[in-house]
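Chain residues, written in single-letter form:
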Amino acid sequence: MCIGHDGSVGAMGFREWIIPKNYVFFDLLEKEVSNLVSGAEALLELLTNYENIEEKKSKIKHIEHDGDHITHQIFEELNVAFITPLDHEDIAHLSSKLDDILDHIDEVARMLVIYDIKEPRENMLELARIILNSTKELERGIRGLRHMKNPREVEACCVETNRLEDYADELFELCMLDVFNTQDVIELIKLKDIYERLEQATDACEDAANTISDIVSKHA
């Protein structure tokens, strides 16, 4: 802090002086979203190279456990923090949504194993690509929150995530056509469950993007 002879606050600015930045939340959110991207990458790898499924499912479960630990850390910090760099509720909601996305990814991997899916459908791969691209946009957006130097770039990540979710909605309709053209009732149920879980992951990505956009509106 720089205080002039007249008692004025210098370059740091008055707001930064009375409200010090608690960068642990940026560190943890960036860590959480980076772990989420790893989970999305692992899911796409599982579906693209469909072998050693049990081993790849276990890897995703490990990533999901890491995500739970980071989320727990964020909420522990929120419980003791008097002042936070972003609204308390926004940090909590964003962290929860990132955790939800990873939970959906983990559940898809689990379903592929317990449902004994012999070969994934192409639409499953495409939805997994959408999830990965969405998580990468979220990662860029969250990294942009730390200093808020380029709010338009952060907002652009949110817009792209929303566009990807719209695409996922269109694709999901095609997935349902695929499902209801399936003659085997048991197979129909399995496919429906997996497609719905993949689509829920894209919905959670959009929710996270909307939270980031709200943060930008408040703080930019």
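Just above, that's the structure.
Given the structure is predicted, the values throughout are model-derived calculations rather than measurements.

Caption draft 1: Expanded view of unusual backbone geometry. Despite not being glycine, aspartate 116 has its phi angle at roughly 55°, a positive value. As for its position among the elements, aspartate 116 is in the loop between helix H4 (88–114) and helix H5 (122–145). When its relative accessible area of 45% is taken as the criterion, aspartate 116 is described as partly exposed. Positive phi, close to 55°, is recorded for methionine 148, a residue that is not glycine. Residue methionine 148 is classed as buried on the basis of its relative accessible area of 13%.

Caption draft 2: Local environment of the packing of helix H3 (residues 53–80) against H4. Viewed as axis vectors pointing N to C, H3 and H4 meet at an angle of 165°, and their least axial separation amounts to 9 Å. One way to sum up the angle between H3 and H4 is to call them roughly antiparallel. By crossing handedness, the relation of H3 to H4 is classed as left-handed. Grouping the amino acids of the contact of H3 with H4 by side-chain chemistry returns 12 nonpolar, 5 polar and 9 charged.

Caption draft 3: Inspection of the environment of lysine 190 at higher detail. Within the secondary structure layout, lysine 190 lies in helix H7 (residues 185–219). Residues lysine 190 and isoleucine 117 lie 73 residues apart in sequence; the distance between their C-alpha atoms is 8.4 Å. Leaving out residues up to four positions away in the same chain, lysine 190 has contacts with Tyr115 and Ile117. A distance of 2.9 Å separates a polar atom in the side chain of lysine 190 from the backbone oxygen of tyrosine 115.

Caption draft 4: The arrangement of the packing of aromatic side chains in detail. Throughout the structure, instances matching the rule amount to 1 aromatic pair. Relative to phenylalanine 26, the ring of tyrosine 23 lies with its centre 5.8 Å away and its plane at 45°, an arrangement referred to as tilted. Assessed through its relative accessible area of 33%, tyrosine 23 is described here as partly exposed. Classification of phenylalanine 26 as buried rests on a relative accessible area of 4%.

Caption draft 5: Spatial organisation of the pattern of salt bridges. One pass over the full model with this rule turns up 20 salt bridges. Ionic pairing is found between aspartate 27 and arginine 146, a salt bridge with its closest N-O pair at 2.6 Å. Within this pair, whereas aspartate 27 is found in helix H2 (residues 24–48), its partner arginine 146 is found in the loop between H5 and helix H6 (151–180), the two being separated by 119 residues in sequence. One salt bridge connects aspartate 100 with lysine 97, and the closest N-O pair in it is separated by 3.7 Å. Of this pair, aspartate 100 and lysine 97 both sit in helix H4, 3 residues apart, which is roughly one turn of the helix.

Reading guide: rules and limits
- Residues numbered from 1 in each chain as written.
- Predicted model: local features only at pLDDT ≥ 70, side-chain atom pairs only at ≥ 80, totals over all residues.
- Heavy atoms only, no water.
- Helix = DSSP H or I, 4+ residues; strand = E, 2+ residues; numbered from the N terminus.
- Buried < 20%, exposed > 50% of the residue type's maximum accessible area, 1.4 Å probe, protein only.
- Axes fitted to C-alpha atoms, helices over the stretch in contact; angles between N-to-C directions.
- Parallel < 35°, antiparallel > 145°, perpendicular 65-115°, else oblique.
- Left-handed = near helix turned anticlockwise from the far one by under 90°.
- Nonpolar A, V, L, I, M, F, W, Y, C, P; charged D, E, K, R; others polar.
- Contact = heavy atoms within 4.5 Å.
- Polar contact = N/O pair within 3.5 Å; in protein donor to acceptor, adjacent residues only side chain to side chain.
- Phe/Tyr/Trp six-rings, centres within 6.5 Å; stacked < 30°, edge-to-face > 60°.
- Salt bridge = Lys/Arg side-chain N within 4 Å of Asp/Glu carboxyl O.

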